[in-house]
Amino acid sequence: MRAMRMATLSASDLGGHAEYRHDNFRYVSVQTGEQPLTRHQGKLSCRYGYGRSAETVNQGDAGQDFVAIRMQGNVCHFVLCDGVGMSYLGDFAARFLGSALLEWLETTPSLTAEGVEQFLHDLTGPASEQLKNLQPLDNSPLLLREVLMEKRNQGSQAMYICGRIELTSGGRKSRMWLAWQGDSRIRLWRNDQEQSEQFQKHCKTSERWSTREGPVGGTPHIFEMKGSSSDSFRLQLYTDGLNDLDAIGTYIPDEHIQVLLDAAHTGGLEDDAAFIELEW
């Protein structure tokens, strides 16, 4: 496995909050700032980063992506969400869904397709109530209020990837569980050989979660895998703001990923970007 340097973490980074105590590590993105590419070395190794589009930064708006990682000893939970820009307050859907999924992962011993689908349906009630109270429309001009109310009634939406990686047998073996809907990228290398085709055919823009309907475009996709003591893995997740990574199948140094997050060559990111990479 590639050697990784330890990150220097503060309690509140510009683009998120990172905490590290003993074998416990937690990172949660903040949608109003950028997170430079950062590394953490625990029982698993990870890299993560977050950036808002140039337009979002210039307007002082919140990004529509959301990332969270939680490591406790031999177990890692993670979520990556991409709010749907054409829906009502997509940044809310990404943040609400991501936070809820992380808590569900941490408190659910046995992860199943039926369990996550039911949970996503159960979330619609509290999500819709929060969305209704988030931005009162009473003082808006009549025509604008009617447009916003119609959009709000259609719900807020987000695409998501979530999962658990657990090291077993004293860290010699592993198992992974993933659930997702949407077109955010999932790429997996096993012993340096990429095995991502199984995910690519099930990553569709028509699939997402809605505060009104729950899963849209189908049911959550599920992937489960076990690894032996001789296996090494690298799991890479990112939103479409980093689609330049799609054509790159080799390991990418930190500074090159940071160049893509800065996107100085295009005057800033054209879309919000979130990135997680885990190695074990």
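If you're wondering where the values come from, they're calculated on a predicted model, not measured in any experiment. (Residues numbered from 1 in each chain as written. Predicted model: local features only at pLDDT ≥ 70, side-chain atom pairs only at ≥ 80, totals over all residues. Heavy atoms only, no water.)

Details of helix α2 (residues 90-107)
Taking 1.5 Å per residue, 18 residues should reach 26 Å; α2 reaches 26 Å between its end C-alpha atoms and fits that length. Within α2, 13 of the 18 residues are buried, which leaves it mostly tucked inside the rest of the structure. (Helix = DSSP H or I, 4+ residues; strand = E, 2+ residues; numbered from the N terminus. Expected span 1.5 Å × (residues − 1). Buried < 20%, exposed > 50% of the residue type's maximum accessible area, 1.4 Å probe, protein only.)

Let's talk about the sheet that holds strand β14 (residues 233-238)
Overall, antiparallel pairing links the 6 strands, which are arranged β3-β4-β15-β14-β9-β10 in an open sheet. The outermost strands of the open sheet, each flanked by one partner alone, are β3 (35-41) and β10 (193-194). Most of the contacts of helix α7 (residues 254-262) go to β3, to which it runs at about 150°, and overall it touches β3, β4 (45-51) and β15 (273-279). (Pairing = 2+ DSSP bridges. Contact = heavy atoms within 4.5 Å. Axes fitted to C-alpha atoms, helices over the stretch in contact; angles between N-to-C directions.)

Digging into the confidence of the model for the protein
Here the protein averages 90 in pLDDT, and 90% of its residues register 70 or above. Long-range and interchain partners of residues 1-13, a stretch whose pLDDT sits below 50, account for 34 contacts in this model, where long-range means more than four residues apart. (pLDDT = per-residue confidence, 0-100.)

As for the pairing of strand β6 (residues 75-83)
The side chains of a regular strand alternate between the sheet's two faces. The buried fraction of β6 is high, at 9 of 9 residues. Where strand β5 (residues 65-72) meets β6, 8 bridges bridge the pair, whose relative direction is antiparallel. Opposite Q72, over in β6, you have V75 as the bridge partner. The antiparallel pairing of β5 with β6 creates a hairpin that spans 2 residues between the two strands, and G73 there sits at a positive phi of about 60°. Where β6 lies against strand β7 (residues 157-168), 9 bridges are found, and the strand directions are antiparallel. Paired with D82 across the bridge in β7 is M159.

Describing the environment of L235
Position of L235 among the secondary structure elements: in strand β14. For L235, a relative accessible area of 0% gives the class buried. Here the alpha-carbon distance between L235 and L278, two residues 43 residues apart in the chain, equals 5.2 Å. When residues no more than four places from it in sequence are discounted, the contact partners of L235 are F78, I165, M176, L178, I186, R187, L188, I276, E277, L278 and W280.

Here's the deal with the side chain of T38
Examined against the element boundaries, T38 turns out to sit in strand β3. Within the structure, T38 has its side chain in polar contact with the side chain of Q35 (distance 2.7 Å). (Polar contact = N/O pair within 3.5 Å; in protein donor to acceptor, adjacent residues only side chain to side chain.)

A closer look at the nonpolar core
Among the nonpolar cores identified, the biggest contains 31 residues, and F78, M176, L178, L235, L278 and W280 are the most heavily contacted of them. Counting 28 residues, the second-largest nonpolar core is a separate cluster that includes Y88, L102, L120 and Y160. (Core = buried A, V, L, I, M, F, W, Y, C linked by side-chain atoms within 4.5 Å.)

Examining the packing of aromatic side chains
Taken as a whole and judged by the stated rule, the model has 9 aromatic pairs. Ring centres 4.9 Å apart and planes at 75° place the aromatic pair F199 and F223 in the edge-to-face group. Of this pair, F199 sits in helix α6 (residues 197-200) while F223 is found in strand β13 (residues 221-227), placing the two residues 24 residues apart along the sequence. When sorted by exposure, F199 lands in the same class as F223, which is buried. Put simply, the rings of F25, Y27 and Y48 touch in pairs and so form one group of aromatic residues. Geometry around W189 places R234 over its ring, the cationic atom sitting 3.8 Å from the centre. (Phe/Tyr/Trp six-rings, centres within 6.5 Å; stacked < 30°, edge-to-face > 60°. Lys NZ or Arg CZ within 6 Å of the ring centre and 35° of its normal.)

Focus: helix α3 (residues 113-122)
Helical periodicity: at 3.6 residues per turn, an α-helix aligns residues three or four positions apart in one direction. Of all the residues in α3, the buried ones are V116, F119 and L120. Along α3, the residues classed as buried sweep out an arc of 100° about the axis, all on the same side. (Arc of directions from axis to C-beta.)

Considerations on the pairing of β3
β3 sits mainly inside the fold: 5 of its 7 residues count as buried. Where β3 and β4 come together, 5 bridges link them in antiparallel fashion. Its bridge partner lying in β4, Q41 is registered against S45. Connecting the antiparallel pair β3 and β4 is a turn made up of 3 residues.

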